[in-house]
Amino acid sequence: MGPPWQMDWRIDALAAFEALPDHVREIVLVARGELVTAKDPYFRGIDADAGLPDGMQVMPIWSTDPKGRRVCLFDNGNGWLKYTFVRRTDDPQIVIEEIFWQEAEPITPPPAEP
C-alpha cells in the first residue's frame, strides 16, 4: 500500500478545525494534502521534509519513538497537527488527534523617543 493515504480526524480535532478562520483552514488543507500524499508519513531521514511548503515541518513528538506520533507544524509554527500513522494491511491511514493554531501578533516597532 502507498499514497494517497486515508485520513481520519478525532471528533474534537475536527471541531477545532471547523472553528478556525477560513484562511487557516486553507493552510491546514494544504498540510493535509502533503501528509496524505507523502511517500513516508513518518518523514524519516535527513531532509525528508525538505519538499514541504515554506512554513511547514514534520517531526516526531518523541525522538525515542520513531514510529510514534508526529507533529506537523504549519503557518511558520503558529499551528500544529498531531497525528499518528496506523499501518494496517487493508486500510492504512493517518489519524489527526489534535489541531492547534494561534494567530501571530503583528510586529510593532517600539514607541519613538520624544
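Each value, and the rule that gives it
- Residues numbered from 1 in each chain as written.
- Predicted model: local features only at pLDDT ≥ 70, side-chain atom pairs only at ≥ 80, totals over all residues.
- Heavy atoms only, no water.
- Helix = DSSP H or I, 4+ residues; strand = E, 2+ residues; numbered from the N terminus.
- Buried < 20%, exposed > 50% of the residue type's maximum accessible area, 1.4 Å probe, protein only.
- Contact = heavy atoms within 4.5 Å.
- Areas by Shrake-Rupley, 256 points an atom, 1.4 Å probe, with all protein chains shown as cover.
- Lys, Arg positive; Asp, Glu negative; His and termini not counted.
- Charge placed at Lys NZ, Arg CZ, Asp CG, Glu CD.
- Core = buried A, V, L, I, M, F, W, Y, C linked by side-chain atoms within 4.5 Å.
- Pairing = 2+ DSSP bridges.
- Axes fitted to C-alpha atoms, helices over the stretch in contact; angles between N-to-C directions.

A. Expanded view of the overall build of the protein chain. Helices and strands together make up the secondary structure of the protein chain, namely two helices and five strands. When the helices and strands of the protein chain are placed in sequence order, the string is β-α-α-β-β-β-β. For the protein chain, the proportion of its 114 residues judged to be buried stands at 32%. The long-range share in the protein chain, meaning contacts at least 24 apart out of those at least 6 apart in sequence, stands at 48%. For the protein chain, the exposed area adds up to about 7,600 Å²; of that, 53% sits on carbon and sulfur atoms. With 11 positive and 19 negative side-chain charges, the protein chain shows a spacing of 11 Å between the two charge centroids.

B. Here's a closer look at the nonpolar core. In terms of nonpolar packing, the biggest core is built from 26 residues, with W9, V28, L35, L81 and I96 touching the most fellow members. For this core, the secondary-structure elements that each account for two or more residues are β1 (6-9), α1 (11-18), α2 (22-37), β3 (70-74), β4 (79-86) and β5 (93-101). Per-element accounting of this core gives the leading share, five residues, to α2. In this structure, I96 is in contact with M7, D8, W9, R10, A13, L35, L81, K82 and Y83, ignoring residues within four places of it in sequence.

C. Representation of the pairing of β5 in the model. Counting buried positions along β5 gives seven out of nine residues, so the element sits mostly inside the fold. In the sheet, β1 pairs with β5 via four bridges, with the strands oriented parallel. Bridge pairing in β5 links M7 to I94. With eight bridges connecting them, β4 and β5 associate as antiparallel partners. Across the sheet, the residue bridging to G79 is W101, located in β5.

D. Quick peek at the sheet that holds β5. Sheet architecture is open: five strands sit in the order β1-β5-β4-β3-β2, paired in mixed fashion. At either margin of the open sheet sits one strand with a lone partner, and together these are β1 and β2 (57-60). On average, adjacent strands in this sheet sit at an angle of 30 degrees to one another, irrespective of strand direction. Docked against the sheet, α1 engages β1 and β5, running at close to 50 degrees with respect to β5.

Function cannot be inferred from these measures alone, as they are strictly geometric.
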